[in-house]
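Each chain is listed here by its residues.
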Amino acid sequence: MLVYQGIKSSFIEEVNLGIIADKIREKYIELIHRKPPIQEYNSWKNSMQYMRGVLDDDEIPNNVGIAIEYNIPPTGNRIDFMMSGYSKKDSHEVVIVELKQWDECEEVGKVDGIYKVNTYTGSKKRDVNHPSYQAMTYANLIRDYNSNVEDKKINIRPCAFLHNYYFSDNDPLLRSNYQEYVKEAPIFSARDVLKLRKFIKKYIEIGDDKKVLYEVENGKIRPSKMLQDNLGSMLKGNKEFYMIDSQKIVYEYALMYAIDTLSTNSKNVFIVKGGPGTGKSVLAVNLLVELNKRDMTCFYVTKSATPRSVYSNKLRGDFTKKYIGHLFQSSGKFVDEKSNAIDCLIVDEAHRLTEKSDFFGHGENQVKEIINSSRFSIFFLDENQRVTLKDIGREETIKYFAKQLNAGIYTYELDCQFRCNGSDGYIAWLDNVLEIRETANFDIDGFDYEFKIFDDPNELRNAIEEKNKINNKSRIVAGYCWDWPKINRTDPDYNDIVIPEYNFEMSWNLDGGELFALGENTVKQAGCIHTTQGLEFDYVGVIIGDDMRYEDDHIITDHTKRAKTDSSLRGLDLYPKEEQYGISDEIIKNTYRTLMTRGMKGCYIYCTNKDLQNYFRERLNK
């Protein structure tokens, strides 16, 4: 969908007359059915003046196609500016420009596997993608999902233009971490107008009167043959994604219903329920690959960036030059998506879905947006992993919106437990011990699972580091009871978690470092619920903080002992006083239950509350 389209001469005239932003806004309202935020309107007024200056060159033909705010099907991502034309060799060319109004930024390093930068946007400073990375991924999306781009061999040339930004010596945006992105999508600053013109003229030499833009806009949305082949190669022989038992059964049902849904032009929702370790994510990635291989537009969706980064990295494996990050989408990407625009959306960790989707508070409900956007939506769900007040993904919510949008509903359950060494018993025992639910499993005897209690956190750390030497699949996690100050999140010498009586210090996992679940050195850092939910390790060491203790023969939770930087229970005071403890109690217990089920072979714990530690030891020895 093109919000604005024209040719160079008409674009320059509308900028000169001061009406370009109003023209874009009119089309925006017509197509998206709401007014754009004032910040966006002002950015059009500002940025289009600079693009007018770039195009003011007689060697750029007057009938070059111009598009503004191209909504890339099928993801909701929007490209700021596009130009189209032909080369003298008659190749079809599209140049896309990611526009930024930044005037400063800082290097951050890797966050969830991607080298980020920090700048002021959306009313505050944030960690965001490098502009070249953003332009590069937009280009890959078009290449991978537009049939005309593939069939007619349309060349997509991405770049970024920071028209208010001046490069300095050793500029953060040009440092070595980002060179891979800059090579794919060159970046131009305020002083680089002539260089940007040269970049455009290198590819577009003859005007096309928007014909190539028309081909892009009207291309059928389908996975390219190259994408399908790459995905098949990545999955083949990848032991991380082998399926067993009930996974294969649910996989076949999901595949059958997906094919039937598209062939009958109907709409269906497929709910897969399963506890920790039942293989929901493995199943989700297998379906992602297979459905794309069958010519369906299909994306893996989560609220949290961490599982998206981990599973895209695991799937890619040694295919370092294959960018598949766009297959893994945020749950907030479907606010403005047209109904049934996407064949299939696979939602992992569906219990973490929220209502509002972006900085500006747009969106009604992410469950509704996902079902509306896709013909066939798959929700992987474990309601016992709801760990913040904002988590609204429940089975009843999914079914409510499915019925509202006239979608059929199918529900299946994964009951084969292969985390915790093939035993549902550990989960049942843990639920009983944490007083989440009464179960028949009152002791852990006979389970092929290693559960240990440590009196000293240093001993716990030593044990996990020793296990990690085997295959780099053991990690330490902690309850969110220690502040995570933003200013220190990239300082390896700063320690957030301090237990002075044992001379124990440890930092939370760092922003500017490796992926916590995959890094070679992250065993030296602690993960929290927000960086580990949806992931699994062989052994997990859990530090239980002051937000859970044992007194008067019961587990007691205390949300006031949580870190000030934790937003999981933000808004609790808006609930009636008599309901607040029950709500926070559920969240805190679910959090520790989730952390304590991240290990497939074992869980080691240390409790800051000695009575709680003794309680676990008594229950373990019964």
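Our subject is the structure that appears above.
Below is a short write-up of the structure. (Residues numbered from 1 in each chain as written. Predicted model: local features only at pLDDT ≥ 70, side-chain atom pairs only at ≥ 80, totals over all residues. Heavy atoms only, no water.)

Quick notes on the packing of helix 1 (residues 8-16) against helix 3 (residues 38-55)
Link 1 in the chain: Running from N to C, helix 1 and helix 3 point in directions that differ by 135°, and their axes come no closer than 10 Å. Classified by the interaxial angle, the pair formed by helix 1 and helix 3 is oblique. When you trace helix 1 past helix 3, the crossing you get is left-handed. On helix 3, the residues touching Lys8, Phe11, Ile12, Val15 and Asn16 of helix 1 are Met48, Gln49, Met51, Arg52 and Leu55.
Link 2 in the chain: In terms of residue class, the contact of helix 1 with helix 3 is built from 6 nonpolar, 2 polar and 2 charged. (Axes fitted to C-alpha atoms, helices over the stretch in contact; angles between N-to-C directions. Helix = DSSP H or I, 4+ residues; strand = E, 2+ residues; numbered from the N terminus. Parallel < 35°, antiparallel > 145°, perpendicular 65-115°, else oblique. Left-handed = near helix turned anticlockwise from the far one by under 90°. Contact = heavy atoms within 4.5 Å. Nonpolar A, V, L, I, M, F, W, Y, C, P; charged D, E, K, R; others polar.)

Things to note about the packing of helix 13 (residues 366-373) against helix 14 (residues 395-404)
Think of two packed helices as two axes; the pair is described by the angle between the axes and how far apart they sit.
Link 1 in the chain: Close contact between helix 13 and helix 14 brings their axes to 9 Å; oriented N to C, the two are set at 45°. On the basis of the axis angle, helix 13 is oblique to helix 14. The handedness of the crossing between helix 13 and helix 14 is right-handed. Facing Val367, Lys368 and Ile371 of helix 13, the residues of helix 14 in contact are Thr397, Ile398, Phe401, Ala402 and Gln404.
Link 2 in the chain: When its residues are assigned to classes, the contact of helix 13 with helix 14 shows 5 nonpolar, 2 polar and 1 charged.

Structural notes on the pairing of strand 2 (residues 65-72)
Sheet faces and side chains relate simply in a regular strand, where the side chains alternate between the two faces.
Link 1 in the chain: The buried fraction of strand 2 amounts to 8 of the 8 residues, a majority that puts the element mostly inside the structure.
Link 2 in the chain: Pairing of strand 1 (residues 2-7) with strand 2 involves 5 bridges; the strand directions are antiparallel. Bridging from a neighbouring strand, Leu2 pairs with Tyr70 of strand 2. (Buried < 20%, exposed > 50% of the residue type's maximum accessible area, 1.4 Å probe, protein only. Pairing = 2+ DSSP bridges.)

Regarding a positive patch on the surface
Link 1 in the chain: Residues Lys124, Lys303, Lys390 and Arg570 make up a contiguous surface patch of positive charge.
Link 2 in the chain: Among the secondary structure elements, Lys124 is positioned in strand 7 (residues 124-129). (Patch = residues over 30% accessible without salt bridge, like charges linked within 9 Å, V, L, I, M, F, W, Y side chains within 5 Å. Areas by Shrake-Rupley, 256 points an atom, 1.4 Å probe, with all protein chains shown as cover. Salt bridge = Lys/Arg side-chain N within 4 Å of Asp/Glu carboxyl O. Lys, Arg positive; Asp, Glu negative; His and termini not counted. Charge placed at Lys NZ, Arg CZ, Asp CG, Glu CD.)

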